[in-house]
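# Structural overview for review
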Amino acid sequence: MIRVQNLIKTFGDFTAVKDISFNVAQGEIFAFLGPNGAGKTTTIKMLTTLLRPTSGVIELDGLDPNKNSKEARQRFGIVFQDPSLDGEQTAWENMELHGVLYHVPRKIRHERTERLLKLFELWDRKDSMVKTFSGGMKRRLEIARGFLHTPRILFLDEPTLGLDPQSRNQLWTHVKHLNETEKTTVFLTTHYMDEADRVAHRIAIMDHGAIVAQGTSTELKQQTSTDSLEAAFLALTGSSLRDESASSKDALRNFAQMWKR
Amino acid sequence: MGAIYILWLRELKRYVRSRVQIVVSLGQPCLYLFALGYGFSPIFKMAGQGSYIQFVAPGIIGMTVLFSSIFSGMAMLWDRQFGFLKETLVAPVSRIQIMIGRTLGGATSASIQGVLVLVLCLIAGFRPHSWLAIPEALVFIVLIATVFSALGTALGSVLKDMQGFQVVMNFLVMPIFFLSGALYPLAHLGKVMTFITRVDPLSYGVDGLRGTLIQHWQFSAAINAGALAGVAVLFLLLGARLFSKIEV
């Protein structure tokens, strides 16, 4: 379903993604783990047509997202790291807008919106403005929205960031349910090892732009002779902290960019 | 088509729902109308130019449409900040459609705002030479709204934060307004001012409004409409180009 070969992305003289390759099978839940700044989000951005790779091959359901971007976009759904809902519209209107943008016929759109909002327990709030929703509700709505156009692949970039254990638990139950009933391939990134351990069929661990290990959770534990995924993760990526200086540099870069054009 | 419609509808809903903002943004034209309108009235009359309220009202309408259409285009800043822009950019529709939907939505709400101010002017004592002039004035309101919504979208595609917004406000929007002949006649100006006012697209919009409403023409209806349509096409192309380059 997803095939990535020798993917490279450089920004100036900085290489964010260094020659990574992996495959995700149809119906699989694949987790991408890695410390901050490992290149997970950059990889997702390349997979979802938001960034052009410097070199390498990407295939989504047999399509090159950079050549057939519209067809590819029709086939995947994405939940971004940061929210992308329209707070000034109701939950129903957000779903409606998404459905129209993804060419879902009206009847199916309404049926699926109702089914998904009920599944994610948002149906009785469907006419409330999204800006009045709690963090967990917004996340649920975003994931429900991602499933609306029956994507073949769903990308989830740290979907449980900042959620309480109840919301996280419930969210993964729904995602697993839809993965089983609709055969949606799920590609996710997270910082919570227990989540990856619980939901993902296979896991890849990324560090400094490269994939350092991939396999099932059991395989990763065996490989590092550790007894938990977290220990395996730390054994593979080391325990030093990352990315502390990036934020101020990024702010300056943004500032410079503003005046460039 | 569906994408253009739904994004147009979204912009319109945003406008209609921000009732407080609609009322607040009617305050500024009111202030201009009363303070300048009644303030300059005596001296304008002494100069033999008739009623200043009559003269300035079309200018105030033009100003309202200018401000609200540029702001609606630049509201993209918020959509970028709150992430909604991304949702539209990964959708399987072309960027052109997204840009057109947004721009038309902004133009529509700015036109409505312009009509509201026209009604305010009528209440304040402004009288068009004939009631049939109002539909003709509407054409110019829509043209002004299209020109500046397109410009707003172009600016919104480039700007990344609020500081940029201030720069645009002070160095672009205000000069466009003050140099458009909204507040004073364009006849008998010095060479430099004549040149600058001729370059300002809003001059043609205000002149179109003033011409149709009180038959005070500087240029002709055809020149005004032609200039506005031309600039609209230019800004739409510019907006489409800049919008297609947005990276998130």
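As shown above, the structure is provided for reference.
Keep in mind that what you see is a predicted model, and the values were worked out from it rather than measured.

### Side note on the overall build of chain B
- Each helix and strand counted, chain B has eleven helices and zero strands in total.
- Along chain B, helices (α) and strands (β) appear in the sequence α-α-α-α-α-α-α-α-α-α-α when read from the amino end.
- Computed over C-alpha atoms, the radius of gyration of chain B comes to 18 Å, within 12% of the 18 Å expected from 2.2 N^0.38 for 248 residues, which places it in the range of a compact globule.
- Overall size of chain B, expressed as C-alpha extent along the three principal axes, is 60 × 40 × 35 Å.
- For chain B, buried positions account for 55% of its 248 residues.
- Expressed as a percentage of contacts within chain B between residues at least 6 apart in sequence, the contacts between residues at least 24 apart total 79%.
- Element-wise, carbon and sulfur atoms account for 73% of the exposed surface of chain B, whose accessible area totals about 10,500 Å².
- If you average the places of the 17 positive and of the 8 negative side-chain charges in chain B, the two averages end up 2 Å apart.

### Considering the packing of helix H6 (residues 95-123) of chain B against helix H7 (residues 133-158) of chain B
Residues and elements named next belong to chain B.
- Close contact between H6 and H7 brings their axes to 8 Å; oriented N to C, the two are set at 135°. Between H6 and H7, the interaxial angle falls into the category oblique. Two packed elements cross with a definite hand, and for H6 against H7 that hand is right-handed. Contacts between H6 and H7 involve Met99, Thr103, Gly106, Ala107, Ala110, Ser111, Gly114, Val115, Leu118 and Leu122 on the former and, on the latter, Ile134, Leu138, Ile141, Val142, Ala145, Thr146, Ser149, Ala150 and Thr153.
- A per-class count over the contact of H6 with H7 returns twelve nonpolar, seven polar and no charged.

### Regarding the nonpolar core
- Core analysis: the biggest nonpolar cluster contains 59 residues, and Ile61, Leu66, Phe126, Phe148, Phe177 and Leu213 of chain B have the highest contact counts within it.
- Elements with a minimum of two residues in this core: helix H2 (19-46), helix H3 (52-74), H6, H7, helix H8 (162-178), helix H10 (201-214) and helix H11 (221-244) of chain B.
- Contact partners of Leu66 of chain B, with chain neighbours within four places excluded, come to Phe148, Val173, Ile176, Phe177 and Leu202 of chain B.
- Grouped together as the second largest cluster of nonpolar side chains are 47 residues, Val17, Ala38 and Tyr102 of chain A together with Ile6 of chain B included.

### Thoughts on the sheet that holds strand S5 (residues 76-79) of chain A
All names here are of chain A.
- Pairing is mixed across the open sheet formed by six strands, whose spatial order is S5-S6-S7-S3-S8-S9. In this open sheet, the two strands that pair with only one neighbour each are S5 and strand S9 (210-215). Taken over all neighbouring pairs, the strand axes of this sheet differ in orientation by 15° on average, direction set aside.
- Judged from the five bridges that link them, strand S6 (residues 153-157) and strand S7 (residues 185-189) form a sheet pairing that is parallel. The partner of Leu156 across the bridge, within S7, is Leu188.

### Quick notes on the environment of Thr41 of chain A
Residues and elements named next belong to chain A.
- Here Thr41 shows up in helix H1 (residues 40-47).
- Taking C-alpha positions, Thr41 is 14 Å from Lys18, a pair spaced 23 residues apart along the chain.
- Apart from residues lying up to four places away in sequence, Thr41 is in contact with Gln81 and Asp157.
- At a separation of 3.1 Å, a polar atom in the side chain of Thr41 contacts the side chain of Asp157.

### Re the environment of Gly156 of chain B
Residues and elements named next belong to chain B.
- Of note, Gly156 is situated in helix H7.
- You can call Gly156 buried: its relative accessible area is 1%.
- With 17 residues separating them along the chain, Gly156 and Val173 place their C-alpha atoms 14 Å apart.
- Residues within four places of Gly156 in sequence aside, it is in contact with Gly73, Met74, Met76 and Arg80.

### Describing a nonpolar patch on the surface
Residue and element names in this part refer to chain B.
- Taken together, the side chains of Val115, Val119, Ile123 and Leu138 define a hydrophobic patch exposed on the protein surface, amounting to about 320 Å² of accessible area.
- Looking at the nonpolar patch element by element, the count peaks at three residues for H6.
- A residue is classified by how much of its surface remains accessible, and Ile123, at 66% relative accessible area, is exposed.

### Details of the side chain of Arg210 of chain B
Residues and elements named next belong to chain B.
- Considering the arrangement of structural elements, one finds Arg210 in helix H10.
- Salt bridges are absent for the buried Arg210, whose nearest opposite-charge side chain, Asp207, sits at 5.7 Å.
- A polar atom in the side chain of Arg210 sits 2.9 Å from the backbone oxygen of Gly181.

### Concerning the interface of chain B and chain A
- Taken residue by residue, the interface counts 30 residues in chain B and 31 residues in chain A.
- Interface of chain B and chain A: buried area, both sides summed, is about 2,900 Å²; carbon and sulfur atoms make up 59% of it.
- Run the count over chain B and chain A and you get six salt bridges.
- Residue Asp82 of chain A pairs with Lys86 of chain B through a salt bridge whose shortest N-O separation is 2.5 Å.
- Scanning the region where chain B abuts chain A turns up twelve residue pairs in polar contact (both at pLDDT 80 or more).
- Secondary structure elements with two or more residues in the side of chain B that touches chain A: helix H1 (2-17), helix H5 (84-89) and H8 of chain B.
- Per-element tally for the side of chain B that touches chain A: the top contributor is H1 of chain B, with eight residues.

### A short note on the side chain of Glu28 of chain A
All names here are of chain A.
- Inspection of the secondary structure puts Glu28 in the loop between strand S2 (14-24) and strand S3 (29-33).
- For Glu28, a relative accessible area of 12% puts it in the buried group.
- Apart from the residues lying within four places of it in its own chain, the contact partners of Glu28 are Asn23, Asn179, Thr184, Thr185, Val186, His201 and Arg202.

### Observations concerning the packing of aromatic side chains
- Within the structure shown, the criterion is met by 22 aromatic pairs over all chains.
- Pairing Phe32 of chain A with Phe187 of chain A gives two aromatic rings, centres 5.1 Å apart and planes at 45°, and the pair type is tilted. Of the two residues, Phe32 of chain A is situated in strand S3 and Phe187 of chain A in strand S7; the sequence distance between them amounts to 155 residues.
- Judged by its relative accessible area of 0%, Phe32 of chain A is buried.
- A residue is classified by how much of its surface remains accessible, and Phe187 of chain A, at 0% relative accessible area, is buried.
- Ring-pair connections join several aromatic residues into one group, and the members of that group are Phe22, Phe30, Phe32, Phe76, Phe155 and Phe187 of chain A.
- The side chain of Lys118 of chain A reaches across the aromatic face of Trp123 of chain A, ending 5.1 Å from its centre.
- The ring of Phe55 of chain B carries Arg210 of chain B above its face, with NZ or CZ at 3.7 Å from the centroid.

About the thresholds
- Within each chain, residue numbers correspond to sequence positions counted from 1 in written order.
- Chain A is the first chain written and ligand 1 is the first ligand written, with later ones labelled in order.
- Thresholds applied to this predicted model are a pLDDT of at least 70 for local features of residues and 80 or more for the giving and counting of side-chain atom pairs; totals over whole chains, interfaces and linings are not thresholded and use all residues.
- To obtain the side-chain values, all non-hydrogen atoms of the structure were included, while hydrogens and water were left out.
- Counting from the N terminus, the helices are the DSSP runs of H or I reaching at least four residues and the strands are the DSSP runs of E reaching at least two.
- Note on method: radius of gyration uses C-alpha positions; expected globular size equals 2.2 Å times residues raised to 0.38.
- Summary of the burial criterion: residues with accessible area below 20% of their type's maximum are buried, those above 50% are exposed, and those between are partly exposed, where the area comes from a 1.4 Å probe applied to protein chains only.
- We call two residues contacting when some pair of their heavy atoms lies within 4.5 Å.
- Values of accessible area rely on a 1.4 Å probe in the Shrake-Rupley scheme; residue burial ignores everything except the protein chains shown.
- Only four residue types enter the tally: Lys and Arg on the positive side, Asp and Glu on the negative side; His and the chain ends are excluded.
- Throughout, a charge is located at the NZ atom of Lys, the CZ atom of Arg, the CG atom of Asp or the CD atom of Glu.
- As a rule, the C-alpha atoms of each element are fitted with a line to give its axis, helices using only the stretch in contact, and angles between N-to-C directions run from 0 to 180 degrees.
- Angular relationships are summarised with four words: roughly parallel below 35 degrees, roughly antiparallel beyond 145, roughly perpendicular across 65 to 115, and oblique for the angles in between.
- Left-handed describes a crossing in which the near helix is turned anticlockwise from the far one by less than a right angle; the clockwise case is right-handed.
- Think of it as three bins: nonpolar holds Ala, Val, Leu, Ile, Met, Phe, Trp, Tyr, Cys and Pro, charged holds Asp, Glu, Lys and Arg, and polar takes everything else, Gly as well.
- Within this scheme, the nonpolar core is defined by two criteria: the residues are buried Ala, Val, Leu, Ile, Met, Phe, Trp, Tyr or Cys, and they are joined through side-chain atoms within 4.5 Å.
- Strands are treated as partners if at least two bridges between them are detected by DSSP.
- Residues adjacent in sequence count toward polar contacts only when both atoms are side-chain atoms; beyond that, a polar contact is any pair of N or O atoms within 3.5 Å, and within protein one must be able to donate a hydrogen and the other to accept it.
- Patch building starts from residues that exceed 30% relative accessible area and form no salt bridge, then joins like charges within 9 Å and nonpolar side chains (Val, Leu, Ile, Met, Phe, Trp, Tyr) within 5 Å.
- Basic side-chain nitrogens of Lys or Arg form a salt bridge, by our definition, when they fall within 4 Å of a carboxyl oxygen of Asp or Glu.
- Put simply, buried area is the surface a 1.4 Å probe can reach on two separate parts but cannot reach once they are joined, added for both.
- Note on aromatic pairs: the rings of Phe, Tyr and Trp (six-membered ring only in Trp) are paired at centre separations within 6.5 Å, and the planes decide the class, stacked below 30 degrees, edge-to-face beyond 60, tilted for the rest.
- Cation placement over rings: the criterion is NZ of Lys or CZ of Arg within 6 Å of the ring centroid and within 35° of the ring normal.

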